[in-house]
Amino acid sequence: MVRRIYLDANATTPLLPEVLEAMRPFLVEQFGNASSIHQEGQRARSAVEQARASVARFLGCRPAEIVFTSGGTESDNLAIFGSVRAGDHVLTSRVEHHAVLHAVERLGDRGVEVEFLPVDAQGVVAVEDVRRALRPNSRLISVMLANNETGVLQPVEEIGRIAREAGIRFHVDAVQAAGKMAIDVHSLGCDLLSISGHKMHGPQGTGALFVRRRTRLEPLFAGGAHERQRRAGTENVAGIVGLGKAAECALEGLRNGELERILGLRDRLEIGLLEQASGVNGGGTPRVPNTSNLWFETLDGEALVIALDLQGLAVSSGAACSSGASEPSHVLLAMGISPERARGSLRLSLHRQTTEEEIARTIELISSQVARLRELSAVTQ
Ligand SMILES: Cc1ncc(COP(=O)(O)O)c(C=O)c1O
């Protein structure tokens, strides 16, 4: 059997063995409900609070400022729906993940006005556009830190400064940045920040929202008083423990040169595919170190994904969250990229377990499949 190579980390990452080990007791013998007062409950509570402290260290905030959720989508929804009321104005960008875009689109029904900021050819929001778009009723700015499709970073610190000066709440979707760069909520100047466990080698269905102290937030769910009344529902103890451990591992990865290693592999991949690829979407601006969005002229990205899958390589032609839709990526279109070019683009995203050998093999596989598909299309045209 061919050993498969997984380069779709922006869709989801493999669970680290140490994360699984940390979770295991809470899936088996330590099954208590963190709200119970007996010893089983106390042990669960203590594990949840330890994980909260780990996530807080990871983001540079206080443990009490962390709300555990079911993932990035819920964190984004809680930040948005929890912040705005009828009559408010909300600013976001055209390249946000659908967890933000589709949430703000719903705000129209609630009497909230939403404005979508454009991006330049590299996929970056202009800070001046944020300043210009502010209104007296602006209530929330929501801009992502790293884009899921291109890895491109937004000028979040500068936007944070504008938001602070204007007294407007600032939410950052950091789902694709977490574990790939240092994050400090104070230097970002945000009031709310979303992360997701499964994008940083933690378990799927786990996430957190940083909520700055004294930020009033309307909960999404009615129910118990969990998470300081900000997120009702029995805590996913094993998942939260896994997220806490993943945060510890990510912090360690920032210190031990892991990100530099991944960046080196990503560079090698892009250099190795220089001849076949026609360009790197978003390649001219700072990006997270693991993501490469390559454009292959005359090719169909989905056909290439399928061909590579058959050869044992898992990659993506767009955001996996919206797979099934063969529409060209809204992110690439917002960058002014033509639908043909967007359709001919491939996303490769590396992770902590990606090896040099895998990158060498990936270059071979992509080169041969691109050549094969180009030959085929030349014959059929
Ligand atoms: C930038 C971004 N935000 C939010 C999400 C949603 O996260 P989750 O899958 O944990 O719901 C994703 C998932 O791809 C993402 O890339």
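In this text, all values refer to a predicted model and were calculated from it rather than measured experimentally.

### Focus: the environment of G160
Link 1 in the chain: Topologically, G160 is positioned in helix α6 (residues 156–166).
Link 2 in the chain: As for G160 and G189, which are separated by 29 residues in sequence, their C-alpha atoms are 4.7 Å apart.
Link 3 in the chain: Discounting residues that sit within four places of it in the chain, G160 has contacts with F170, L188 and G189.

### What to know about helix α11 (residues 301–310)
Link 1 in the chain: Among the residues of α11, those classed as buried are G301, L304, V305, A307 and L308. The arc that holds the buried residues of α11, viewed along the axis, is 165 degrees, so those residues lie on one side. Along α11, exposed side chains directed more than 90 degrees from the buried face belong to I306 and L310.
Link 2 in the chain: Here the buried face of α11 lies against β11 (313–314), α13 (339–343), β12 (345–349) and α14 (356–380).
Link 3 in the chain: G312 sits one or two positions beyond α11 and adopts a positive phi of about 95 degrees.

### Here's the deal with the sheet that holds strand β9 (residues 279–280)
Link 1 in the chain: As summarised here, the arrangement of the 3 strands in space is β9-β10-β12, forming an open sheet in which the pairing is antiparallel. The two strands at the open ends of the sheet, each matched to only one other strand, are β9 and β12.
Link 2 in the chain: With 5 bridges connecting them, strand β10 (residues 291–295) and β12 associate as antiparallel partners. The partner of T291 across the bridge, within β12, is S349.
Link 3 in the chain: Most of the contacts of helix α10 (residues 258–272) go to β10, to which it runs at about 10 degrees, and overall it touches β9, β10 and β12.

### Quick notes on the pairing of strand β3 (residues 89–93)
Link 1 in the chain: With 5 of 5 residues buried, β3 lies mostly within the body of the structure.
Link 2 in the chain: Covered by surrounding structure in β3 are H89, L91 and S93 together with V90 and T92, the residues of both alternating faces.
Link 3 in the chain: Bridge count between β3 and strand β4 (residues 113–117): 5 bridges; the pairing is parallel. The residue bridging V90 from the neighbouring strand is V114, located in β4.
Link 4 in the chain: Tracing the backbone out of β3, into helix α4 (residues 98–107) and back to the parallel element β4 gives a crossover that is right-handed.
Link 5 in the chain: In the sheet, β3 pairs with strand β5 (residues 138–144) via 4 bridges, with the strands oriented parallel. Following the sheet pairing, T92 is matched in β5 by S142.

### Some remarks on the site of the ligand
Link 1 in the chain: Of all residues adjacent to the ligand, which total 14 residues, the nearest are G72, T73, D173, S196 and K199.
Link 2 in the chain: Here an oxygen atom of the ligand and a side-chain polar atom of H97 are 3.2 Å apart.
Link 3 in the chain: One nitrogen or oxygen atom from the side chain of K199 is found 2.6 Å from an oxygen atom belonging to the ligand.
Link 4 in the chain: Compared with its free state, where it exposes 390 Å², the ligand has 92% of that area covered by protein.
Link 5 in the chain: With 3 residues, helix α3 (residues 72–81) is the single largest residue contributor to the shell around the ligand.
Link 6 in the chain: The residue makeup of the shell around the ligand, split by class, is 3 nonpolar, 8 polar and 3 charged.

### Some details on the sheet that holds strand β2 (residues 66–69)
Strand pairing in a sheet relies on backbone hydrogen bonds, with the paired strands running either antiparallel or parallel.
Link 1 in the chain: If you walk across this open sheet you meet the 7 strands as β2-β8-β7-β6-β5-β3-β4, and the pairing is mixed. One side of each edge strand has no neighbouring strand; the edge strands of this open sheet are β2 and β4. Averaged over all pairs of adjacent strands, the angle between their axes in this sheet comes to 20 degrees, without regard to strand direction.

Scoring rules and cut-offs
- Residues numbered from 1 in each chain as written.
- Predicted model: local features only at pLDDT ≥ 70, side-chain atom pairs only at ≥ 80, totals over all residues.
- Heavy atoms only, no water.
- Helix = DSSP H or I, 4+ residues; strand = E, 2+ residues; numbered from the N terminus.
- Contact = heavy atoms within 4.5 Å.
- Buried < 20%, exposed > 50% of the residue type's maximum accessible area, 1.4 Å probe, protein only.
- Arc of directions from axis to C-beta.
- Pairing = 2+ DSSP bridges.
- Axes fitted to C-alpha atoms, helices over the stretch in contact; angles between N-to-C directions.
- Right-handed = clockwise from strand over helix to strand, strands pointing away.
- Near = heavy atom within 4 Å.
- Polar contact = N/O pair within 3.5 Å; in protein donor to acceptor, adjacent residues only side chain to side chain.
- Areas by Shrake-Rupley, 256 points an atom, 1.4 Å probe, with all protein chains shown as cover.
- Nonpolar A, V, L, I, M, F, W, Y, C, P; charged D, E, K, R; others polar.

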